[in-house]
Structure formats: structure tokens, C-alpha cells
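Listed below are the residues making up each chain.
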Amino acid sequence: MKINWSGFSKKTYPERLKMLRDSDLLSHELQENLEKNETLSVAIADQLSENVIGTFSLPFSIVPEVIVNNQAYTVPYVTEEPSVVAAASFACKIINRSGGFSAHVHQRLMIGQVALYQVPDREQACQEILNQKDQLLEIANQAYPSIVKRGGGAREIRVEKVSGQTDFLVVYLHVDTQEAMGANMLNTMLEALKPHLESLSRGQSLMGILSNYATESLVTSSCRIAFHYLSPNKDEARELADKIVLASHFAQADPYRAATHNKGIFNGIDALLIATGNDWRAIEAGAHAYASRDGLYRGLSLWTLDSEKEELIGEMTLPMPIATKGGSIGLNPRVVLSHELLGQPFAKDLAQIIVSMGLAQNFAALKALVGAGIQQGHMKLQAKSLALLAGAKEAEVPKLVDGLIAEKTFNLEKAKSILKELRS
Ligand code: NDP
């Protein structure tokens, strides 16, 4: 069913819920859950973590339409930061008009490692381990047979000599974890391998643990944006495209800019990771390591021009070993709802949507930065946050926001004083 999302952001909250109900995106049960605002129960929270004293809420939003590989998705976003959802929606509208995102998964294997030390002859140990590769893969699979039944399992073993203050021999295990992120799967397999690796290497094992530097789970997303979507003025559009490319060069060359450039990308990625119950710390760690892969911390996205076709081209590759099963997915009703909104994608599809949202967020940020500046767009949303912080009631917020915007600079004190004036 084709949904007409136009004007969604201008609707009231009850109107938005009604529109979702009418769109058939959610089952009756989940629609009710949304309308009654039923989130994670304390009973389940108490099972998920320790010392629980309650649950914690964040705004749950949607980016109404995102086209990835010719398929339209309604994307759930969990973020407290003003302007992130608006920026993503704005960027996706432009990118959708230009054909949407093209994305692909290079591979989807998780990597775990066993670090061995006090290995008397690392060269010989390397050989002994590689000679036993098939047997070791079998031991790993026997340690977690259910993933083999699901079509996954241990696929590869490689060994490297790693030297720092101590000489290590590191054994890397590559595993197809199917729809799971695979941390517990990998850790179980690595534990099973440890005694065999100690015996083959005649060394000691220090630890066996999943690596979040998931270089075997790379995902690329790209988009092409016709210049004329950047501005109705032809010269201004070309200038904006040129400046977005320069901003991408700047983030490649300067780690101070790269950190902020990538933070903007993660405004989108984290919002979707949290909504879908994924481990955002794991994805952040892997992506930041990937951003430093040649020794300098760089921006994750690249923007170039196709001058002949008059298009701006964005591209981004990063590790995206996310899950649609396991962990807390399935236990949190909001997470269940997110997967349903997305149409129950497989992990490979979800990974492509997530990287695409990172690129969309990056486009919106760069366009604002090199154009009118980020502050102009942020001002109204900041004013709204200040109005709420100052204690304005719902009906008072619009007037207080207008009062704040009329000031050149504003802060909480100013918001409180305007609210006092309004009330008197
Ligand atoms: P789980 O331990 O929850 O394992 C995945 C579960 O999903 C299994 O119970 C599996 O069932 C089930 N499952 C159902 N359908 C499928 C399917 N199609 N494909 C795969 N599994 C399926 O999760 P993970 O091993 O993925 O570990 C993720 C958790 O580990 C996250 O909560 C993460 O925060 C945490 N973690 C992360 C670390 C890190 O990032 N460094 C370290 C340690 C933990 P069955 O058993 O029947 O196969």
C-alpha cells in the first residue's frame, strides 16, 4: 500500500497515530501498544540488567520514507537530540527523488580472537594450528550446534603474530552468525577452542573474545543527488555541491573535523540501532576503528561530483554486524514494533538501511554546514527545548518559542523571563 506521508511532521501526535493506524504498517496488537504507550515492563527490565529501579524513556520517532535498493521503508528513530529526525527526513526526501540509496553487503561474518602468549616458537605454532584448521572449525561448530542447524557456523581460521610489549600469537575465527550479532556464539566457540590452541601452540591463552572490529561485515551505501535538488538557483546548487565535496575532503584530512563528521553520521545510525534493539556500543567501536584503518582517523563518508550528469555522489562503507534476533530483541515491545515498522527485514537488509541512514544524516549536516549554517536550523528546536526546560505548558510553548526566536541570542534565563512576561 502506497502511503502519502506529506505533511506528517505538521500533524498532531494523535493525528500521526491515526495515520499509522490507517496505513496498516502495524498489527492491531502493536498499534494498541503504541497508542497506550506500553514500553518495556519493569519485570522484563529486571531480567535484562542488574540493580534495576525502573525503566528509562526516549522519544520514539519515524523517518517516514527511505528508499533503499528500490524498496521504501518507514524507519524508526530513537533520539533525544533536536533536529536529527527533521534533518534525516529532509535528506531522505531529496535522496528519494534522486532514486534513493543503492546498498550492498560485502560479507557477513563475525570475527573472534584467541590471544596466545609465551608461545615458544610462534612460526611452528602457526603451522601446527593451520594444519588442524578443519578439526578446529569442527570443534567450534560442535560448541554451538544450533547456529550450524540454522545454516551458519565457523567458516575460517587465520593466525597472526602480533607484537607489542609482549609477543602474541593471535588466532582469528570467522563465523556466519546468520540473523544474530553473535557475541555469545563466538565467545562460546572460542572458549571451546582455547585448550586445543594452547596444546597446539604450547603457549598460554590470555583470552578468547569476539572482536567488534568487524571487517568481515562491511556494508556500503551510496546515493546520487541531482544538483537541482540542492537549490532552485543553478549557481547556488553547484556551489553547494562543490562545498559538500570540500567538506568531505576536510573530514578526510583533519581528525578534529572527522570526529564531528562521524558523530553526525552516528546521529542517524545510533537512532536506528537503539530502535531495533542493537548494541550501539559495538557498532560505534567497530566503525571508529574502521575510520582509523590507515593510521589517521578519517571521515567515514566520501562525497564526489559527476559534473557531466550534474550529480553529487555520496558513498559510505563501514562494519555493520547488526542483528534481527538474539540479545534483547524480542523482549522490548518497542523494539518488536520497530522491526514490524521496517517490514521485518533480514539482518543484511537492516544493515543496508542503517548505513543508508548514516549517509542521509551526513548529507543533511553537510548541506546545512556549508549552506546556511547549522545553527539557523537548530534555533527553533533549541528554543523549543529551552521553553520546555523553563517550565512552559504545551499551550505556552509556541508563543515562548516565537519570543525566543525574536531575540538574537537566547538561554534558559531568557526563556524563564519571557515565560514570566507571557503569564503576567
Ligand atoms: P544471543 O546470545 O541472544 O544469541 C542469539 C540467539 O538468537 C540465540 O538464542 C539463537 O537461538 C537465536 N536465534 C533465533 N533465530 C536465529 C537466527 N535466524 N539466526 C541466529 N540466531 C537466531 O545473542 P548473540 O550471540 O548475538 O550476542 C549478542 C549479545 O551479546 C548482545 O546483547 C550484545 O550486547 C552482547 N555482547 C556483546 C559483546 C561485544 O560486542 N563485544 C560482548 C559480549 C556480549 P539458538 O541458540 O537456538 O541458535
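Anything mentioned here points back to the structure above.
Residues numbered from 1 in each chain as written. Predicted model: local features only at pLDDT ≥ 70, side-chain atom pairs only at ≥ 80, totals over all residues. Heavy atoms only, no water.

A.B. asks: Sorry if this is basic, but what is going on with the site of the ligand here?
C.D. replies: Neighbouring the ligand are 21 residues; Ser-146, Gly-182, Asn-184, Asp-279 and Gly-327 lie closest to it. Between the ligand and the protein, one listed contact pairs an oxygen atom with a backbone N or O atom of Gly-182 at 2.5 Å. About the coverage of the ligand: the protein hides 69% of its 930 Å² of free accessible area. Taken together, the elements giving at least two residues each to the shell around the ligand come down to α7 (145-149) and α8 (183-201). Tallying contributions element by element places α8 first for the shell around the ligand, with four residues. Both domain 1 (39-106 + 217-371) and domain 2 (110-211) contribute no fewer than three residues apiece to the shell around the ligand. (Near = heavy atom within 4 Å. Polar contact = N/O pair within 3.5 Å; in protein donor to acceptor, adjacent residues only side chain to side chain. Areas by Shrake-Rupley, 256 points an atom, 1.4 Å probe, with all protein chains shown as cover. Helix = DSSP H or I, 4+ residues; strand = E, 2+ residues; numbered from the N terminus. Domains from an automatic or database assignment.)

A.B. asks: In this structure, what is going on with the pattern of salt bridges? I would like to understand it.
C.D. replies: A side chain of one charge can pair with a side chain of the opposite charge if their charged atoms are brought near each other. This structure, assessed with the given rule, holds 19 salt bridges. A salt bridge links Lys-414 to Glu-407, with the nearest nitrogen and oxygen atoms 3.8 Å apart. Residues participating in the shared-partner salt-bridge network are Arg-224, Asp-306 and Glu-311. (Salt bridge = Lys/Arg side-chain N within 4 Å of Asp/Glu carboxyl O.)

A.B. asks: What's the story with the nonpolar core in this structure? I'm lost.
C.D. replies: As a rule of thumb, nonpolar side chains are buried together in soluble globular proteins. Grouped together as the largest cluster of nonpolar side chains are 60 residues, with contacts concentrated most on Met-320 and Met-357. A per-element tally of this core places helix α13 (residues 347-370) first, with 13 residues. The residues contacting Met-320, other than those within four sequence positions of it, are Arg-108, Ser-217, Val-219, Ile-269, Leu-273, Ile-283, Ala-351, Ile-354 and Val-355. Formed by 33 residues, the second largest nonpolar core is a distinct cluster that contains Ala-125, Leu-173, Met-185 and Leu-186. (Core = buried A, V, L, I, M, F, W, Y, C linked by side-chain atoms within 4.5 Å. Buried < 20%, exposed > 50% of the residue type's maximum accessible area, 1.4 Å probe, protein only. Contact = heavy atoms within 4.5 Å.)

A.B. asks: What is the right way to read unusual backbone geometry from this model?
C.D. replies: Trans peptide bonds make up the majority, and among non-glycine residues the majority have a negative phi. Unlike most non-glycine residues, Asn-69 shows phi in positive territory, near 50 degrees. Counting through the fold element by element, Asn-69 comes out in the loop between β1 (60-68) and β2 (71-78). The exposure class of Asn-69 is partly exposed, given its relative accessible area of 35%. Located in the positive-phi region is Gln-118, a residue other than glycine, with phi close to 50 degrees. Within the secondary structure, Gln-118 is located in the loop between β4 (110-117) and α5 (122-131).

A.B. asks: How should helix α10 (residues 255-275) be read in this particular structure?
C.D. replies: Residues spaced three or four apart along an α-helix face the same direction, because each turn holds 3.6 residues. With 21 residues, α10 extends 29 Å from end C-alpha to end C-alpha; this agrees with the ideal 30 Å at 1.5 Å per step. Bending of α10 peaks at approximately 30 degrees at the position of Phe-266. Taking burial as the measure, the 21 residues of α10 include 15 buried ones, the bulk of the element. (Expected span 1.5 Å × (residues − 1). Bend = angle between axes of the 7 residues up to and from the residue.)

A.B. asks: Explain helix α15 (residues 397-406) here, please?
C.D. replies: Of the residues making up α15, those classed as buried are Val-397, Leu-400, Val-401, Gly-403 and Leu-404. Around the axis of α15, the buried residues are gathered within 160 degrees of arc, so they sit on the same side. Away from its buried face by more than 90 degrees, α15 exposes Lys-399 and Ala-406. (Arc of directions from axis to C-beta.)

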